[in-house]
Structure formats: C-alpha cells, structure tokens
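Listed here are the chains, written in short residue letters.
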Amino acid sequence: MDILRFITAGSVDDGKSTLIGRLLYDSKSIMIDQLEAIEKQSRNKEDGEIDLALLTDGLRAEREQGITIDVAYKYFSTPNRKFIIADAPGHTQYTRNMVTGASNSDLVIILVDARNGVSEQTRRHSIIASLLNMPHVVVAINKMDLVNNAQDVYNNIVIDYSEVADTLGLKDIYYIPISAINGDNIVEKSPNFPWYEGDSLLHILENVEVANDINYTDARFPVQYVIRPQTEELHDYRGYAGKVISGVYKKGDAISVQPLGLTSTISGIEIGGKQVEEAFAPQSVVLHLQDDIDVSRGDVIVKTDNLPSVKNELDVLVCWMSNKPLKAGNKYLLQINSRVVKAVIKEIEYKLDVNSLLKEPAPAEAQLNDIIKVKIKTASPIPFDSYKKLRVNGGAILIDETSNVTVGACMIQ
Amino acid sequence: MINENIVTEDHKNTLSNEGGAAYHRLDYLDQLESESIHIFREVAGQFERPALLFSGGKDSIVLVHLALKAFRPGKFPFPLVHIDTGHNFQEALDARDELVNKIGEKLIVRNVADTIKEKNLTEQKGKFASRNALQTFTLLDTIEEFKFDACIGGARRDEEKARAKERIFSVRDEFGQWDPKLQRPELWNTYNGRIHKGENVRVFPISNWTELDIWNYIRRNEIELPSIYFAHNREVLEYEGQLVATSEFIQLDPGDKVSVKKVRYRTVGDMTCTAAVESGATNIDDIIKEIIATKTSERGETRIDDKVSEAAMEDRKKGGYF
Ligand SMILES: Nc1nc2c(ncn2[C@@H]2O[C@H](COP(=O)(O)OP(=O)(O)OP(=O)(O)O)[C@@H](O)[C@H]2O)c(=O)[nH]1
Ligand SMILES: [Mg+2]
C-alpha cells in the first residue's frame, strides 16, 4: 500500500468540500455517528438535504458562514492506497492556507463551476500549483447537473483551461465532468455523461503513479539532530539523525558536508536502531561518518559526486502570506529544512498578474497573496537545489523575526 | 513492553529491479513512521525544554515507541509528563510504570486533585462528573512550572473535526489558547517553532495516522498495550447506548442497568468519560478485523465528553486543551 496526498482547489463555492464529503460518503468512509451529526446540523438549514460539506468544515465559524477557512485533513483508503486529503478554502483571503495544504500534496483537484468557467481564483490556484511544481493535476468541472450535463459547456471549459495549463506548464492533467452533490463520476462512472471517455475520479486517484515523484538521484540529507549518548559503553558514539529527503545513501559512500564542504565516508547507517547497508528517501535514519568532523543541525550531507548549489544570493519566487507588506530592504529569517539564516530582500523584480499570467513591473511593495520574484541575500551561504529540479531542497520559508510568523513561501530558482 | 530491537524484515522495502523507483519503495506505514520521527527530531532540534505528554493510551504509547526510534541509543531530549486526573484505569497506570521502567526515561506526574485543592476549583457534579475540563488547569500549571516550550501530544486528525484542522506545530499563547482562524502557514516539512517567551507549541507527530494505522503499527512492531484494550469481563453500566465501567468515580442511581459484559476499550481516557465496546477480540488481529468492520467512529463510540455540544473539542482547544 502506498500514500497519495491530494488537495482540492478552486473558487469559493465551486464545491470542494462537497466533493470531499461525497468521496468519503460514497467510498463508505464515513461513520454513522459522524453522519448523524451532520444530518442534525443540516436540518437547521433551509432545504433539508444533508450538507456533505459539513464533513470537512469542522470549525464553528465555518459552519456558521458556510465557507471553508482553513485546511481540513481527511483520510480514507482503498485496498492499494491510503489517501491523505487536504480540503482547502476557496476564499482569496485564505490563500495561505491553501498553499499550506498544497505544499505537501502530490496531486491537486482544481474545481471549476460549470456555470462560471475559469475564474480569477481558478487561475490563482493554478499558478500556485505550478509554482509548487505539483506533479499531477485533475481539473474537475463541477455542478454539471446545473448545465444539463451539456458536453459543449464541458468542452469549452476544457479548452479555456488548457490554455492556462499550457501557459503555466502544468503536467499530467486529467479533465473530468462531475456533480459533487449527486455523486456523478465520483466513485463510479456516471451514465449522465455518455460522451465522457475517461475514468471516475476515484479511479484516477487510485491509479496515478506516485512512486516516480521521489527523486532517487540527487542524495540530500539535512542533519536535524546529533545523537551523542555519552555513556560509558557508547562513549564515542556520534550519530547524525535526519531524513533522507532525496536519493540513496550506502555504507562506504564518499560524502561532503555542506555548506563548508568537509569530506568523509559513511561508516554506518541505522534505521530504528538496526544496522542497514543503505537508506533511501524518505526514510528517517542515523548516519555515521568515518572521520570526526564538524557536523551540526542544518548542515546537509551529500555525496561528493553530486553537490547542491551553495550561495548567499538567491533568486526566489515568493507567495507572500502576510498582511504586512514586503519591501526591498526588509529583513527576515529564511528557513530551509533544518537550517535558519538571516536574510534581506534586495530587490523585487516583478509581480505575476493572476489574470493575464504575465509579469508585471515590480510594485514598491508586495501585498498579501501577491506572487513576486525577488532577490534575497542571506547572511551566510546556504546549500540548496532549484525548486524545479528538487522540490524537497528548494523550498524555504520566510519568518518575521518580530512576530515569529511564517510570512512567505519561497521557491528558489 | 516495547520491543527495542525493531524488526523490519517483515515489510520488505526493497524489491527486485536494482536502481529505479520500483527498487526503493516505502510502505505506507514506513512513510508515516518516518514523517513522525522527522517531527520528533525537529522538536529536539528547535526547542530548549520540550515534553512528551503521556496519557497511557495507545496513541501515546506509539509516540514513545516512535521517540525510541528517533533518539536511541541516546536518551530522550524530553521527559514524559502525565497529567493525572485520578480517574485512571489501574491497568493503564500499571502499563505506564512498566513502560517507563523498561525504557529508563524520566516521568513527571502532576495531579489534577492537587490543582483542585490549591486553586479551590469546583468539581463537576452528577453521574459522570469528569475532571477532563479541569485537566487543562494542571497542564497549564505544569507547563509554567517546568517552562516547557513544546508539548508533544498524540492527537490524530482523524479523531475529531476540530483536530482535522490543526497544524502539526500548533502555536498556543500564554494561556494555552488555540486560535483556529489565525494558524501559521505550515509549508512542506519545514516546521517553524519560533515563539515568544511564555507561549508554547503543541506538536502532533501522528497527525496523519488513522486509528487503523495505529493498530497496524502496533501489530507490526509488537508493541504491548494495557490489557483493557483486549476483550475482558467487566461490570458495566448501560447508559444511553454506551457501556461505562462501574467504579468509585461514577454515581449509580436506582434503576440503573448494571451487568457483566465482555468488553474492550478503543480509547483509554478517564474512567468517567471513556466507554467500552462489546467485543470478543482478545488479540490484535481480531481487533483490527473489528475496526475495519465498525460503523462508528472511535470518539463517537467511546467518548462521553465530546457529546456535550457540537463544537465541544474546538472550545476545549481554544481554552488550552491538548
Ligand atoms: N447543484 C449543485 N450544487 C453543488 C454541487 N457541488 C456543490 N454544490 C453546492 O455549492 C455550494 C458550495 O459548496 P461547498 O462544497 O461548500 O463549496 P467550497 O468550494 O468548498 O467553498 P469554500 O471552501 O468556501 O471555498 C453548496 O451549497 C453546495 O451544496 C453540484 O455538483 N451541483
Ligand atoms: Mg469548502
């Protein structure tokens, strides 16, 4: 059994939460007491139908307003796959929560309301999916029941969205007509779309190939913690604890510790206290080195024949997630995996226009939800890879040192 | 109790076909385990005074097991902390002490009864008078006493609809309060644990595990659990469809239906607010079969404390609960 992590996206009220509710309901993943609870809640609403969106809209404020505010995580499995679902909010105001859920997803389901077609928010979420290098995209054209299941409505939206997808370079796209509320094309193929040749949504989710999303070539091991028992019998024990975020490490491999570049050889690998010959992504392990060299938290152990970039001047695409504007000259902390350094914004180069998908001249300051390209200088060089090449070692966050809040998502170029 | 020589052979990660993706493939339980270990080590790397909140239930026992994998042969960089309501199942306390003894880590126990005395708190009254709400006072006092900056807990997102919304690193203010409308973004696996003095972070390493994942993991790693998780005969009170163990902590009224039934527990909390389920499952395989077949959620079937209001859990979290 493997794991697929996916997220819903799209405009407010396009039916994201309803879709997740339907998927859980039709795959029999909802328990009776949970169903009873939402039935009770739904009766307070006018039409009397069960509101499946209540399955994920778990906060009081969400239920009162009938919108999603923050990501809800839901789980279900079929015989060969465990699914981790992030149900994202559609409101522009809460885009940062959508980015939160999307950053860990392998697949995004972008919902489009068949009556409205591709909207600004559809584009915004598609840009985010593209920036995050989302490996798989499902475009679900929802509320087909409200347009008489018409093929031409569907086709026109597919044509419109294909343009967006081409411009953004989205990969592995599936298009599907659905009615979340009626369950059409969700778990089973619906007879309402005889003209649709693809599979049901669940079938797509069950069969998307996820194993290839892991990079086994560029070995990267950020050190999180040094294990030193300092007891009598383990006097010289020194293990570097961390997660192999990409690639494969074997005993005997020649390694280099970045950013300083000290070299050594892997003398041992432990997983859960047991010696092994090799470790691969995404295993959490302990590495031992032949030589007593300086290695601490935040360093990245790599193989000498495959080095990351090590620089203190970075070109970065940023999703800005704070109400305080970002300006050239502002200082932040930049955290990439376990490494934290001081950083300053040298320059805003341009802003991405969400509607035209074109670069706009740089604004004096970036506002909440803006997507901008900036130059950042860090206090010391950091080891990284370009986000496009290696998602796990090219994503960083900006932290406001005064509020401690995470204010920016960085995709290093 | 916990098997320290962890067996990994039974879940072969390495198939044939050297080199490619098919050769290196991690089973879902290994993926979850690795994610949790990574979170544990981030806590160790980022905080000065973390603590692991240990309740004695299966989730916190799995947490301890994951911590062993994260830090052995070193010591845990945190103590285990038990906020003791005084309403525990004896079996759970015994299992707790046996586990702590076996792994040789530090256990801190703080009693809700002491807080009640010191602070003159008013205890709930009635049939199932519970100390669940008062527990938060003791927890916050304990955090202050030891200046804990991070508290690791065994909450899972599949348990409850408010938990489904919480970040893995969940920042709480000085009063322990959660603000669900203002959570920090949490990107990739990069955890931002920076806080101001007086604040603390609740960390949930098994956020993405389901009840079934926990049981499968317990089976695979041969983790020992308190005996009450397995079917046994017990005197129970039948109350509004739930089976509550009779004890000195609950009040029996004339006309109450009390009988001996074969039951097991799906969750282990206080005797006053945890219900048992009828079951003949005396081993893990049978329990897993029952869980796969069940039509009721874990909390729905066994927790009396969630039923009070629609948003009971959200409200408790806003007030400083785990
Ligand atoms: N007719 C029809 N209505 C639908 C369908 N899917 C969703 N709806 C309705 O559209 C409304 C919004 O649905 P939600 O699922 O809450 O929308 P959402 O995308 O999650 O909204 P946010 O999370 O707030 O962005 C609800 O009233 C649903 O009942 C559909 O397939 N057909
Ligand atoms: Mg929603």
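Caption draft 1: Inspection of the overall build of chain B at higher detail. On a plain count of helices and strands, chain B comes out with nine helices and 10 strands. For chain B, the proportion of contacts with a sequence separation of at least 24, taken over those separated by at least 6, is 73%.

Caption draft 2: Layout of the site of ligand 1. Residues and elements named next belong to chain A. Surrounding ligand 1, one finds 20 residues, the nearest of these being K16, T18, T68, G90 and D145. The backbone of S17 places a nitrogen or oxygen atom 2.8 Å from an oxygen atom of ligand 1. D145 is positioned such that a nitrogen or oxygen atom in its side chain is 2.8 Å from a nitrogen atom of ligand 1. Within the complex, the protein chains bury 85% of what would otherwise be the 650 Å² of accessible surface of ligand 1. A per-element tally of the shell around ligand 1 places helix α1 (residues 16-26) first, with three residues.

Caption draft 3: The arrangement of the interface of chain A and chain B in detail. Facing the 81 residues of chain A at the interface are 67 residues of chain B. Note on chain A versus chain B: buried area summed over both sides is about 6,200 Å², and carbon and sulfur give 54% of it. Here chain A is connected to chain B by five salt bridges. For D70(A), the salt bridge is made with R167(B), and the minimal N-O distance between the two is 3.1 Å. If you look at where chain A meets chain B, you find 34 residue pairs in polar contact (both at pLDDT 80 or more).

Caption draft 4: A look at the domain arrangement of chain B. Residue and element names in this part refer to chain B. Splitting chain B by domain gives domain 1 (15-212 + 312-318) and domain 2 (227-302). The C-alpha-based centres of domain 1 and domain 2 are spaced at 24 Å. Listed by partner, the interface residues are 23 residues for domain 1 and 29 residues for domain 2. Of the roughly 2,200 Å² buried at the junction of domain 1 and domain 2 (both faces included), carbon and sulfur atoms supply 56%. Between domain 1 and domain 2 we count two salt bridges in total.

Caption draft 5: Up close: the environment of K318(B). Residues and elements named next belong to chain B. On the secondary structure map, K318 appears in helix α9 (residues 312-318). You can call K318 partly exposed: its relative accessible area is 28%. A sequence separation of 141 residues divides K318 from Q177, and the C-alpha atoms of the two residues are 4.7 Å apart. Those residues within four positions of K318 in sequence are excluded, and the remaining contacts are Q177, W178 and P180.

Caption draft 6: Quick look at the coordination of the magnesium ion (ligand 2). For the magnesium ion (ligand 2), the full set of protein donor atoms is S17(A) (OG) and T68(A) (OG1), at a range of 2.0 Å. Of this pair, S17(A) sits in helix α1 while T68(A) is found in the loop between α3 (60-65) and β2 (72-78), placing the two residues 51 residues apart along the sequence.

Caption draft 7: Layout of the layout of surface pockets. Residues and elements named next belong to chain A. In this structure, the second largest pocket encloses a volume near 1,100 Å³. The wall of the second largest pocket is formed by 45 residues, among which D106, D213, I214, R391 and V392 lie closest to the centre. Each residue belonging to the lining of the second largest pocket can be placed in one class, and the counts come to 15 nonpolar, 18 polar and 12 charged.

Caption draft 8: Region of the structure containing the pattern of salt bridges. Residue and element names in this part refer to chain A. Applying the stated criterion across every chain yields a total of 41 salt bridges over all chains. D315 is paired through a salt bridge with K375; the nearest N and O atoms lie 2.8 Å apart. Taken as a pair, D315 in strand β16 (residues 309-320) and K375 in strand β22 (residues 371-384) lie far apart in primary sequence, 60 residues in all. Judged by relative accessible area, D315 falls into the partly exposed class, the value being 28%.

Caption draft 9: Up close: the packing of aromatic side chains. Applying the stated criterion across every chain yields a total of 20 aromatic pairs over all chains. Ring plane angle 75° and centroid distance 5.5 Å describe the contact between Y225(A) and F71(B), whose orientation is recorded as edge-to-face. Here the residue Y225(A) occupies a position in strand β7 (residues 220-227), and F71(B) occupies one in helix α2 (residues 58-71), the pair thus bridging two chains. Each ring, one from W320(A) and one from Y332(A), has its centre 5.6 Å from the other, and the planes form 65°; the classification is edge-to-face. Taken together, the residues W320(A) in strand β16 and Y332(A) in strand β18 (residues 331-336) connect sequence positions 12 residues apart. Exposure remark for W320(A): the relative accessible area of 2% places this residue in the buried category. Through pairs of rings, three or more aromatic residues link up here, namely Y225(A), F40(B), F71(B), F76(B) and F78(B). It is R157(B) that lies over the ring of Y73(A); its NZ or CZ is 3.8 Å from the centre.

Criteria and thresholds
Position labels on residues start from 1 in each chain and follow its written sequence. Written order decides the labels, with chains lettered from A and ligands numbered from 1. Totals for whole chains, interfaces and linings use all residues, but because this is a predicted model, local features are given only for residues with pLDDT of at least 70 and pairs of side-chain atoms are given and counted only at 80 or more. Side-chain figures throughout are based on the complete set of non-hydrogen atoms in the structure, without hydrogens or water. What counts as a helix is a DSSP run of H or I of at least four residues, what counts as a strand is a run of E of at least two, and both are numbered from the N terminus. Every residue pair with non-hydrogen atoms within 4.5 Å of one another is taken to be in contact. Neighbouring residues are identified by heavy atoms, a residue being near a molecule or strand if any of them is within 4 Å of it. We define a polar contact as two N or O atoms separated by no more than 3.5 Å, with the added condition that, inside protein, one atom must be a possible hydrogen donor and the other a possible acceptor, whereas residues neighbouring each other in sequence contribute only through side-chain atom pairs. A 1.4 Å probe and the Shrake-Rupley method give the accessible areas. Residues count as covered only by the protein chains that appear here. Summed over both partners, the accessible surface that disappears when two parts come together, traced with a 1.4 Å probe, is what is meant by buried area. Only one rule defines a salt bridge in this text: a Lys or Arg side-chain nitrogen within 4 Å of an Asp or Glu carboxyl oxygen. Where each domain starts and ends comes from a domain assignment, either automatic or drawn from a database. The buried label goes to any residue with under 20% of its type's maximum accessible area, the exposed label to any with over 50%, and the partly exposed label to all in between, with areas taken from a 1.4 Å probe on protein chains only. Listed donors are limited to N, O and S atoms within 2.8 Å of the metal, widened to 3.2 Å for Na, K and Ca; water is not among them, so incomplete-looking sites are possible. Lining residues are those with an atom within 4 Å of a point, where the points come from a 1 Å grid over the protein atoms alone and group into cavities, where a 1.4 Å probe fits but cannot get out, or pockets, open sets with protein on both sides within 12 Å along at least five of seven lines. Grid points are joined across faces, edges and corners, and a volume is the space filled by probe spheres set on the points. Residues are grouped as follows: Ala, Val, Leu, Ile, Met, Phe, Trp, Tyr, Cys and Pro are nonpolar; Asp, Glu, Lys and Arg are charged; all remaining types, including Gly, are polar. The rule is short: rings of Phe, Tyr and Trp, with Trp giving its six-membered ring, pair when the centres are within 6.5 Å, and they are stacked under 30 degrees, edge-to-face over 60, tilted in between. For a ring to carry a charge above it, either NZ of a lysine or CZ of an arginine must fall within 6 Å of the ring centroid while also lying within 35 degrees of the normal to the ring plane.

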